[in-house]
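The primary structure of each chain is shown beneath.
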Amino acid sequence: MKSVKAALFIFIGVFVLSGCGTTGSGESGPTDGEGGAGNGYDSGASTTGIDGGETYGAGAYAGNSVFDPANPRGTRVIKFAFDSSEVAAEYLPVVAAHAEYLVANPDKSVVLEAHADERGSREYNIALSEHRGNSVADLMKFQSVSPNQVQVMSYGEEKPLSYGHDELSWEQNRRVEIIYFGE
Amino acid sequence: MSRRIKRKPMAEINVVPYIDVTLVLLIIFMITAPLIQQGVEVDLPQAEAKELLQEQEQEPPIIVSIDAEGLYYMDIGENPDEPLDLESIKIKVAAVLRQKPKTNVVVGGDSRIGYGKVITLMVALQTAGVENVGLMTQSPDTGQ
Amino acid sequence: MLKRLFLLLIILPTPVLAALEIEITEGIEGAAPIAIVPFGWQGMAAGAPLDIGAVVAADLSRSGRFKALPTRDMLTKPTDATKIRFRNWQALGQDNLLIGQIRETGAGQFVIQFQLFDVYKGEQLAGYSMPSSAKSLRHTAHRISDMVYEHLTGQKGAFSTRIAYVTVKRLGKGKSQYRLQVADADGFNPQTITTSAEPIMSPAWSPNGEKIAYVSFEAHRSAVYIQTVFSGKRERVSSAPGINGAPAWSPDGSKLSMTLSVGGSADIYILDLITGSLRQLTKGYSIETESAWSRDGRTIAYTSDRGGKPQIYQIPVQGGKARRLTYEGSYNARPVFSPDGKSLAMIHGQGGDYRIAVLDLDSGLLQVLTKGRLDESPSFAPNGSMILYAAKKGERGLLAAVSADGRVHQKLVMKGGEVRDPAWSPFK
């Protein structure tokens with residue numbers, strides 16, 4: 001009986017000793033694997049975020065916001081850089097085309113709905129979007145559009161086109177929309 | 001030439017006696033380990049008497065006592081003079097250990113009760129999560 | 001029969017659907033252990049109408065300064081002081097013990113009595129008895145939390161205060177429903193005080209906690225309203241052309257500062273609520289907005305981009321030279337003074353992340369408290385212990401709170417909607 005016990009101890013002892021080696025080398029394996037899996041998860045998550053953003057806004061609005069030189073007045077959305085209210089050079093013909101139309105049709109008038117992306121504070125974004133609206137309005141007034149024909153409405157980050165939290169969505173949301181009365 | 005042939009096996013260490021010694025040491029440790037624990041339990045009352053006193057100032061131990069009739073009592077709970085079953089002792093001890101894992105538990109058994117009663121209690125305490133059970137040399141309940 | 005059922009449906013109070021749920025995401029290591037025994041019950045019904053002990057335990061745990069003992073670990077559950085054996089609570093390592101009783105004195109009338117003990121000294125620290133109606137039981141529980149908190153920390157408790165916030169429900173086709181709601185500080189009892197199809201923003205409590213000023217676009221343009229919370233009566237105080245936004249009350253409640261752009265660009269104006277006179281405080285083409293009154297009512301801190309980027313400035317209420325307060329980071333906005341007036345919480349943008357930071361006004365040190373990407377709208381608890389703010393997770397907005405030292409973090413999640421623009425009420 002005792003010898004059997006002793007043999008068992010030896011067996012266990014050997015098992016424990018050899019076990020140490022295997023667990024040691026084995027451990028790095030699974031951890032690497034886990035790390036890989038974790039990374040995979042992360043990139044997966046962010047991709048779905050971007051996908052979501054695209055389906056929400058870009059698809060619906062892409063056609064409208066891309067500047068078409070043949071028909072500048074077809075573009076109704078002017079996009080802006082982050083924390084900037086400067087009208088980019090590519091949009092100057094757009095504003096000019098709308099201004100020309102307004103001068104030719106004094107009975108028409110527009111509302112410039114100005115927006116910001118969600119970053120930063122809400123009230124600051126309201127003020128920032130108003131600056132954007134004013135930039136467009138000022139350009140139009142320079143081209144002799146009557147102040148009565150242009151009205152600025154600033155919504156800040158309250159009415160986003162795209163609800164994602166990434167540059168793709170933010171780019172959609174930093175905008176001034178030119179909306180004609182009665183259209 | 002013959003010298004070289006003789007020396008060549010010397011380059012490798014013969015690990016067989018090394019494994020032998022290691023395994024023998026391992027067996028000795030495995031056999032003595034439980035013996036050491038048992039020994040501590042027997043020696044506890046005198047050896048740890050001072051230590052407990054020191055700790056007592058901050059963390060008084062929980063005292064579980066057994067009276068002459070073999071009934072269990074605890075110094076915590078609703079009423080310390082009311083006998084308790086093993087299950088409620090386990091629940092109470094486990095609750096204390098969840099809040100203060102380092103709490104000491106000491107067993108005070110009446111000198112007239114059987115060894116088995118003490119062992120049953122200690123096993124119950126161990127399943128409740130107590131790592132070290134101290135033994136009191138005299139139970140406070142044996143006054144009568 | 002059907003008619004009667006219908007009537008019943010109308011009479012029955014609408015059930016609490018959109019309660020905020022609070023979860024503590026990160027707590028303090030050294031929270032003080034306190035045992036709160038379920039309160040005893042003496043009344044006609046089988047059980048108490050509200051587990052006051054559980055409400056108090058949740059309140060105190062939420063502060064991050066206390067750790068409530070789970071009831072399952074209690075060795076005994078005394079409800080009356082003569083039954084307490086301090087040894088039991090010492091064994092569980094508790095510092096303090098709270099016991100109490102709810103007694104029914106009449107139909108829907110109760111008396112709640114509670115006692116707070118120091119477990120190690122074995123003595124009573126406080127004992128109170130207060131009447132409560134069935135409706136206000138929860139409020140009474142929060143008041144007990146306040147008293148316990150004040151006794152043990154020396155700081156006034158803010159558990160019986162309220163929070164206002166805006167919820168948004170998207171209805172599809174670009175339509176949304178905005179609600180201005182007021183709830184208890186623990187997110188319970190949400191009540192809608194205004195509903196609109198257009199955005200509602202920037203609620204601000206009057207210093208006496210009776211009114212809320214806010215911005216609403218309900219007329220398809222911004223306007224500032226002041227609404228009495230209890231009666232729902234409201235008045236439009238500003239609807240100038242352009243922006244009407246960021247209302248902030250003076251500490252005495254007699255004036256309201258706002259952002260108007262009637263002069264061409266967003267500037268801060270002060271409206272005297274008694275005389276109705278309006279005075280422009282800041283001037284210039286740059287953006288000046290988000291005013292906040294200092295505790296003494298003599299200066300106003302605000303956001304300005306006069307230096308190119310939004311930063312915090314301070315200006316005397318009487319007008320004069322503005323002084324820049326923030327220099328760290330390229331984006332600092334929406335300042336709010338702490339109740340003791342010694343620091344300023346704000347949105348701090350750095351490296352593309354927008355977080356809540358606190359600026360110590362004496363030392364000029366800025367401490368970033370939160371870890372989100374899009375944190376905004378900080379609002380101090382009236383005792384200064386916590387800062388409530390809006391955060392974004394996924395496509396949703398939620399509320400979160402952080403202790404003023406940045407060690408305790410909580411999340412307030414509303415089911416089935418977005419919640420933003422929080423404002424913590426003052427003490428009553």
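Model, not experiment: these values are computed from the prediction.

S.K.: Looking at this model, I keep getting lost on the overall build of chain C. Mind explaining?
M.R.: In terms of regular secondary structure, chain C is built from 4 helices and 31 strands. Computed over the C-alpha atoms, the radius of gyration of chain C is 23 Å, within 12% of the 22 Å expected from 2.2 N^0.38 for a compact globule of 428 residues. Along the first, second and third principal axes, the C-alpha set of chain C runs to 70 × 65 × 45 Å. Considering chain C as a whole, with its 428 residues, one finds that 54% of them fall into the buried category. Residue pairs at least 24 apart in sequence account for 42% of intrachain contacts in chain C once pairs closer than 6 positions are excluded. Of the roughly 18800 Å² of accessible surface on chain C, 52% is carried by carbon and sulfur atoms. Side chains of chain C carry 50 positive and 38 negative charges; the gap between the two charge centres is 5 Å.

S.K.: What should I look at first to understand the interface of chain A and chain C in this one?
M.R.: Many analyses report the size of an interface as the accessible area lost when the parts associate. Each side of the interface is counted separately: chain A has 27 residues, and chain C has 41 residues. Taken over both partners, the interface formed by chain A and chain C buries close to 3000 Å², and the fraction arising from carbon and sulfur atoms is 53%. Its largest share of buried area at the contact with chain C, chain A owes to Arg122, Glu123 and Tyr124 of chain A, together 25% of the area lost on that side. Here chain A is connected to chain C by 5 salt bridges.

S.K.: Got a minute to help me understand the side chain of Ser129 of chain A in this structure?
M.R.: Residues and elements named next belong to chain A. Turning to its location among the elements, Ser129 is positioned in helix H3 (residues 122-142). Its relative accessible area of 0% is what places Ser129 among the buried residues. Once residues within four sequence positions are removed from consideration, Ser129 is found in contact with Ala114, His115, Ala116, Ser154, Tyr155 and Gly156.

S.K.: Which parts of the structure should I look at to understand the pattern of salt bridges?
M.R.: Pairs can form between side chains of opposite charge whenever their charged atoms are close. Scanning the model with the defined rule gives 24 salt bridges over all chains in all. Across the pair Arg119 of chain A and Asp117 of chain A runs a salt bridge, and its minimum N-O distance is 3.0 Å. Per residue, the accessibility class of Arg119 of chain A equals that of Asp117 of chain A, and both read buried. In this structure, Asp73 of chain C engages Arg98 of chain B in a salt bridge whose closest nitrogen and oxygen atoms are separated by 2.4 Å. Of this pair, Asp73 of chain C sits in the loop between strand S4 (66-68) and helix H3 (86-91) while Arg98 of chain B is found in helix H4 (residues 86-99), placing the two residues in two different chains. With a relative accessible area of 1%, Asp73 of chain C lands in the buried category. A single network of salt bridges, built from pairs that share partners, joins Glu118, Arg122, Glu157 and Glu158 of chain A together with Arg170, Glu376, Lys392, Glu418 and Arg420 of chain C.

S.K.: Where do I start with the pairing of strand S24 (residues 343-350) of chain C in this structure?
M.R.: Here is the key point about a regular strand: its side chains alternate between the two faces of the sheet. Residues and elements named next belong to chain C. For S24, a buried count of 7 out of 8 residues is recorded, marking the element as mostly surrounded by other parts of the structure. Pairing between strand S23 (residues 331-337) and S24: 5 bridges, direction antiparallel. Bridge pairing in S24 places Ala333 opposite Ile347. Here S23 folds back onto S24, and the loop between the two strands holds 5 residues, one of which, Gly341, carries a positive phi near 75°. By the bridge criterion, 8 bridges tie S24 to strand S25 (residues 353-360) in an arrangement that is antiparallel. For Ala345, the partnering residue across the bridge sits in S25 and is Val358. The hairpin turn running from S24 into S25, its antiparallel successor, is 2 residues long, and Gly351 in that turn takes a positive phi close to 60°.

S.K.: Explanation requested: unusual backbone geometry in the structure shown.
M.R.: All names here are of chain C. Its identity as a non-glycine residue notwithstanding, His220 has a phi of 60°, on the positive side. The backbone of Glu290 sits at a positive phi, close to 55°, despite the residue not being glycine. As for its position among the elements, Glu290 is in strand S19 (residues 288-293). Given the relative accessible area of 4%, Glu290 is considered buried.

S.K.: Whenever I open this one, the domain arrangement of chain C confuses me. Can you help?
M.R.: All names here are of chain C. For chain C, the domain assignment lists domain 1 (29-153) and domain 2 (162-424). Using C-alpha coordinates to define each centre, domain 1 is positioned 36 Å away from domain 2. Listed per partner, the contact involves 7 residues of domain 1 and 10 residues of domain 2. Scanning the region where domain 1 abuts domain 2 turns up 1 salt bridge. The salt bridge partner of Asp186 is Arg138, with a shortest N-O separation of 3.0 Å. Our enumeration of links across domain 1 and domain 2 arrives at 3 residue pairs in polar contact (both at pLDDT 80 or more). Listing elements by their share of the side of domain 1 that touches domain 2, those giving two or more residues are helix H2 (52-62) and helix H4 (137-153). Looking at which element gives the most residues to the side of domain 1 that touches domain 2, the answer is H4, with 3 residues. Taken together, the residues of the side of domain 1 that touches domain 2 break down into 1 nonpolar, 3 polar and 3 charged.

S.K.: Is there a simple way to think about H4 of chain C in this case?
M.R.: One turn of an α-helix holds 3.6 residues; hence residues three or four places apart share an orientation. Residues and elements named next belong to chain C. With 17 residues, H4 should cover 24 Å at 1.5 Å per step; its first-to-last C-alpha distance of 24 Å lies within 8% of that length. The complete set of buried residues in H4 reads Leu137, Arg138, Thr140, Ala141, His142, Ile144, Ser145, Asp146, Met147, Val148 and Tyr149. Gly154 sits one or two positions beyond H4 and adopts a positive phi of about 80°.

S.K.: Sorry if this is basic, but what is going on with the packing of helix H2 (residues 92-104) of chain A against H3 of chain A here?
M.R.: Relative placement of two packed helices is described by the angle separating their axes and the distance separating the axes. Residue and element names in this part refer to chain A. Put simply, H2 and H3 touch, their axes get as near as 9 Å, and they point 55° apart. With respect to H3, the axis of H2 lies oblique. Of the two possible hands of crossing, H2 and H3 adopt the one that is right-handed. Counting all contacts with H2, which are made through Leu92, Val95, His98, Ala99 and Leu102, the residues of H3 involved are Val136, Leu139 and Met140.

S.K.: Help me understand the packing of aromatic side chains, please; the structure alone is not making it clear to me.
M.R.: Any aromatic ring pair is given by two values, namely how distant the centres are and how the planes are angled relative to each other. Enumeration over the complete set of coordinates arrives at 11 aromatic pairs over all chains. Pairing Tyr101 of chain A with Tyr180 of chain A gives two aromatic rings, centres 5.5 Å apart and planes at 80°, and the pair type is edge-to-face. With Tyr101 of chain A in helix H2 and Tyr180 of chain A in strand S4 (residues 175-180), the pair connects residues that are 79 residues apart, well separated along the chain. Looking at Tyr180 of chain A, the relative accessible area reads 2%, which means it is buried. Here Tyr149 of chain C and Phe159 of chain C contribute two aromatic rings whose centre-to-centre distance is 5.4 Å and whose plane-to-plane angle is 85°, an arrangement assigned as edge-to-face. Of this pair, Tyr149 of chain C sits in helix H4 while Phe159 of chain C sits in the loop between H4 and strand S8 (162-172); the two residues are 10 residues apart in sequence, bridging distant segments of the chain.

S.K.: Explanation requested: the sheet that holds strand S9 (residues 175-184) of chain C in the structure shown.
M.R.: Strand-to-strand pairing in sheets goes through backbone hydrogen bonds, with the strands running parallel or antiparallel. All names here are of chain C. The sheet built from 4 strands is open, its strands ordered S10-S9-S8-S31 with antiparallel pairing. At either margin of the open sheet sits one strand with a lone partner, and together these are strand S10 (191-196) and strand S31 (418-424). With direction set aside, neighbouring strand axes in the sheet form an average angle of 20°. The pairing of S9 with S10 spans 5 bridges and is antiparallel. In the strand pairing of S10, Gln181 is matched with Thr192.

S.K.: I tried to follow the sheet that holds S24 of chain C on my own but got confused; where do I start?
M.R.: Residues and elements named next belong to chain C. Strand order in the open sheet formed by 4 strands is S23-S24-S25-S26, and the pairing between neighbours is antiparallel. Of all strands in the sheet, those bounded by a partner on one side alone are S23 and strand S26 (366-368). Shown here is a sheet whose adjacent strand axes are inclined to one another by a mean of 30°, direction ignored. Bridge analysis of S25 against S26 gives 3 bridges, and the strand direction is antiparallel.

S.K.: Before we go on, may I ask you to explain the packing of H4 of chain B against helix H5 (residues 115-127) of chain B in this structure?
M.R.: Residue and element names in this part refer to chain B. One can describe the packing of H4 onto H5 by two numbers: an axis separation of 9 Å at closest approach and a directional angle of 40°. Relative to H5, the crossing made by H4 is right-handed. Contacts from Leu86, Ile89, Lys90 and Val93 of H4 reach H5 at Thr120, Leu121, Ala124, Leu125 and Thr127. Here the contact of H4 with H5 is built from residues that sort into 6 nonpolar, 2 polar and 1 charged.

Rules used throughout
- Residues numbered from 1 in each chain as written.
- Chains lettered and ligands numbered in written order.
- Predicted model: local features only at pLDDT ≥ 70, side-chain atom pairs only at ≥ 80, totals over all residues.
- Heavy atoms only, no water.
- Helix = DSSP H or I, 4+ residues; strand = E, 2+ residues; numbered from the N terminus.
- Rg over C-alpha atoms; globule rule 2.2 N^0.38 Å.
- Buried < 20%, exposed > 50% of the residue type's maximum accessible area, 1.4 Å probe, protein only.
- Contact = heavy atoms within 4.5 Å.
- Areas by Shrake-Rupley, 256 points an atom, 1.4 Å probe, with all protein chains shown as cover.
- Lys, Arg positive; Asp, Glu negative; His and termini not counted.
- Charge placed at Lys NZ, Arg CZ, Asp CG, Glu CD.
- Buried area = accessible area lost by both parts, 1.4 Å probe.
- Salt bridge = Lys/Arg side-chain N within 4 Å of Asp/Glu carboxyl O.
- Pairing = 2+ DSSP bridges.
- Domains from an automatic or database assignment.
- Polar contact = N/O pair within 3.5 Å; in protein donor to acceptor, adjacent residues only side chain to side chain.
- Nonpolar A, V, L, I, M, F, W, Y, C, P; charged D, E, K, R; others polar.
- Expected span 1.5 Å × (residues − 1).
- Axes fitted to C-alpha atoms, helices over the stretch in contact; angles between N-to-C directions.
- Parallel < 35°, antiparallel > 145°, perpendicular 65-115°, else oblique.
- Left-handed = near helix turned anticlockwise from the far one by under 90°.
- Phe/Tyr/Trp six-rings, centres within 6.5 Å; stacked < 30°, edge-to-face > 60°.

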